[in-house]
Amino acid sequence: MKLDVNDIRYITSEEFRVLTAVEMGSKNHEVVPSSLITQISGLRNGGVNKHLGSLAKRNLIARVQNTKYDGYRLTYGGYDYLAMRALSKRNSIHSVGNQIGVGKESDIYVVADEEGKQMVLKLHRLGRTSFRTIKTNRDYMGKRKSASWMYMSRLGAQKEWAFMKILYEHGFPVPKPIDQARHCIVMELMDAFPLRQINEVASPGQLYSELMDLIVRFAHSGLIHGDFNEFNILIREDTGKAVVIDFPQMVSTSHENAEWYFNRDVECIRTFFRRRFRYESAIYPKFRSTLNEPGAGDFQLDVIVAASGFSKQDMKALEEYIENTRENEDGSDDDEESEEEEADESVSEEDAETGGSEAADGSDRTDREEAAGDVSSSSIPQD
Ligand code: ADP
Ligand code: MG
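Reading the values: the criteria
Residues numbered from 1 in each chain as written. Chains lettered and ligands numbered in written order. Predicted model: local features only at pLDDT ≥ 70, side-chain atom pairs only at ≥ 80, totals over all residues. Helix = DSSP H or I, 4+ residues; strand = E, 2+ residues; numbered from the N terminus. Buried ≥ 20, exposed ≤ 12 C-beta atoms within 10 Å, placed from the backbone. Contact = placed C-beta atoms within 7 Å. Axes fitted to C-alpha atoms, helices over the stretch in contact; angles between N-to-C directions. Parallel < 35°, antiparallel > 145°, perpendicular 65-115°, else oblique. Left-handed = near helix turned anticlockwise from the far one by under 90°. Nonpolar A, V, L, I, M, F, W, Y, C, P; charged D, E, K, R; others polar. Near = placed C-beta within 6 Å. Core = buried A, V, L, I, M, F, W, Y, C linked by C-beta atoms within 7 Å. Domains from an automatic or database assignment. Pairing = 2+ DSSP bridges. Expected span 1.5 Å × (residues − 1).

K.L.:
Just to check I follow, could you spell out the overall build of the chain for this structure?
P.N.:
In terms of regular secondary structure, the chain is built from 14 helices and 13 strands. Looking at the chain as a whole, 38% of its 383 residues are labelled buried. In the chain, 66% of the contacts between residues at least 6 apart in sequence involve partners at least 24 apart.

Structure follows, in structure tokens:
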């Protein structure tokens, strides 16, 4: 999905009021009736209709007909706009550059502040992939169902923000968190590339130990990453050290399935090292003994996060959503796995299948370079 910076430029304060009214109405209406939008915005009826028309033209909202009543819903673009405007008002971001990543459930952009310092903007897109399956589970969203994608995307960002902050404050190798608004996070741009794109390292054994030590360090602090794989581990260009990203699925070591999550993280690393670097070690962390080691429990980061305002209920809703989407994906993943396993003996074959890691690496760099020249050209206007 493209972030259209032009949309951000031209909007009047009345249009902004109408857009905000649509967002507010979305909290309990899948389609927000025009009359409700007028009421919330506190503007004259005729004026509101005109503004609705121009907002719809820019795809910030979408007109929905053929329901019980005519109305509008906020689009991803509209939600992006509201979040970026908030970030820009707080001077966290000033301009938007190139997209450097399209995750399954996020879009990643290079942005810059007023001084031109580059950062990363992550827009959470939960609900983009398999919301249809989730929606069929009627109880799932309860009253919130109508605003599900917005609600889940915001929860994802809030949780990621809470964890990234705490981890950063406790010296974990994670990007510096800068700001958060709605479904967006602004963080430090790492001069680093995903482990996935790296075909050679000086010492696989050393990197392997570093990553396993990180898993242990997380666990000693009461946490499990939950998606600790070659896509979410970046390798710094300067030091060759690992940086961990992507936290919406982190769980506590006191979670009922903690051991299973822990083992999955450990297995991801073992499998990747076996395939990519032909490196295998008999040494890897075990959940129970890790928790009994000296040093375990010194910090209970999961408790601190729970106290930081991210409610148990929200945590649960997000967790169910993430597990639910994963389960849906897992079926197809399994097939890919076994195909990969057969083709495995050569890494290049695997890479050929997925588009080639060299190409991915190269294009990423180009993106990054282009982004560097691009950011200043699309500044976000202040009004
Ligand atoms: P998703 O939840 O969609 O997997 P991630 O947070 O894992 O999103 O980010 C997706 C990709 O974007 C990463 O694999 C990485 O290439 C890039 N990326 C994300 N955050 C940063 C960052 N702070 N610095 C540099 N690259 C990043
Ligand atoms: Mg990721």
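K.L.:
Whenever I open this one, the packing of helix 3 (residues 34-41) against helix 4 (residues 45-57) confuses me. Can you help?
P.N.:
Any two packed helices are characterised by the angle at which their axes cross and by the distance between the axes. Here helix 3 crosses helix 4 at 110 degrees, and the two axes come no closer than 10 Å. It follows from the interaxial angle that helix 3 and helix 4 lie roughly perpendicular. Relative to helix 4, the crossing made by helix 3 is right-handed. Residues S34, I37, T38 and S41 of helix 3 form the contact with helix 4, whose participating residues are N45, V48 and L52. Counted by class, the contact of helix 3 with helix 4 contains three nonpolar, four polar and no charged residues.

K.L.:
How should I be thinking about the site of ligand 1 in this particular structure?
P.N.:
The environment of ligand 1 is made up of 20 residues, and the closest members are G101, G103, S106, M190 and D246. Elements with a minimum of two residues in the shell around ligand 1: strand 4 (95-102), strand 5 (106-112), strand 6 (118-124), strand 8 (184-188) and strand 9 (192-194). Partitioned by chemical class, the residues of the shell around ligand 1 number eleven nonpolar, four polar and five charged.

K.L.:
Just to check I follow, could you spell out the nonpolar core for this structure?
P.N.:
It is characteristic of soluble globular proteins that their nonpolar side chains tend to be buried jointly. In terms of nonpolar packing, the biggest core is built from 83 residues, with V22, V111, C184 and V186 touching the most fellow members. Ranked by the residues each element gives to this core, the list is headed by helix 7 (residues 148-169), at eleven residues. Taken domain by domain, the makeup of this core includes at least three residues from each of domain 1 (1-88) and domain 2 (191-347).

K.L.:
Looking at this structure, I do not really get the sheet that holds strand 12 (residues 242-244). What am I missing?
P.N.:
One key point about sheets: their strands pair by backbone hydrogen bonds, in either a parallel or an antiparallel sense. Strand order in the open sheet formed by three strands is 9-11-12, and the pairing between neighbours is antiparallel. The open sheet has two edge strands with one neighbour each: strand 9 and strand 12. Here the strands of the sheet are splayed against their neighbours by 35 degrees on average, with no regard to which way each runs. Sheet topology places strand 9 next to strand 11 (residues 233-236); three bridges connect them, and they run antiparallel. In the strand pairing of strand 11, P194 is matched with L234.

K.L.:
Looking at this structure, how should I read helix 8 (residues 204-220)?
P.N.:
Each turn of an α-helix holds 3.6 residues, which means side chains three or four residues apart point in the same direction. Its 17 residues place the ends of helix 8 24 Å apart at the C-alpha level, agreeing with the 24 Å of an ideal helix rising 1.5 Å per residue. Those residues of helix 8 that sit buried are L207, Y208, L211, M212, I215, V216, F218, A219 and H220. Buried positions along helix 8 lie against strand 10 (223-224), strand 11, strand 12, helix 9 (258-277) and helix 10 (287-292). Downstream of helix 8 by a residue or two, G222 has a phi angle that is positive, lying close to 90 degrees.

K.L.:
Looking at this structure, how should I read helix 5 (residues 76-89)?
P.N.:
With 14 residues, helix 5 extends 20 Å from end C-alpha to end C-alpha; this agrees with the ideal 20 Å at 1.5 Å per step. Across the 14 residues that make up helix 5, a large majority, eleven, are buried. Just beyond helix 5, the residue with positive phi is N91, at close to 60 degrees.

K.L.:
Explain the sheet that holds strand 3 (residues 71-74) to me, please; I cannot follow it from the model alone.
P.N.:
With antiparallel pairing, three strands are arranged side by side in an open sheet as 1-3-2. In this open sheet, the two strands that pair with only one neighbour each are strand 1 (32-33) and strand 2 (61-64). Here two bridges tie strand 1 to strand 3, and the two strands are oriented antiparallel to one another. Bridge pairing in strand 3 places V32 opposite Y72.

K.L.:
Which parts of the structure should I look at to understand the packing of helix 8 against helix 9?
P.N.:
At their nearest, the axes of helix 8 and helix 9 sit 11 Å apart, and the two run at 175 degrees to each other. Considering the angle they form, helix 8 stands roughly antiparallel to helix 9. Contacts between helix 8 and helix 9 involve P204, Y208, L211, M212, I215 and A219 on the former and, on the latter, F262, D265, V266, I269, F273 and F277. For the contact of helix 8 with helix 9, a count of residues per class yields eleven nonpolar, no polar and one charged.

K.L.:
Would you mind showing me how to read the environment of L234 here?
P.N.:
On the secondary structure map, L234 appears in strand 11. The class for L234 is buried, based on 25 C-beta atoms found within 10 Å. Distance from L234 to F193, taken between C-alpha atoms, is 5.0 Å for residues 41 residues apart in sequence. If sequence neighbours within four positions are ignored, L234 has contacts with M190, A192, F193, P194, V243 and I245.

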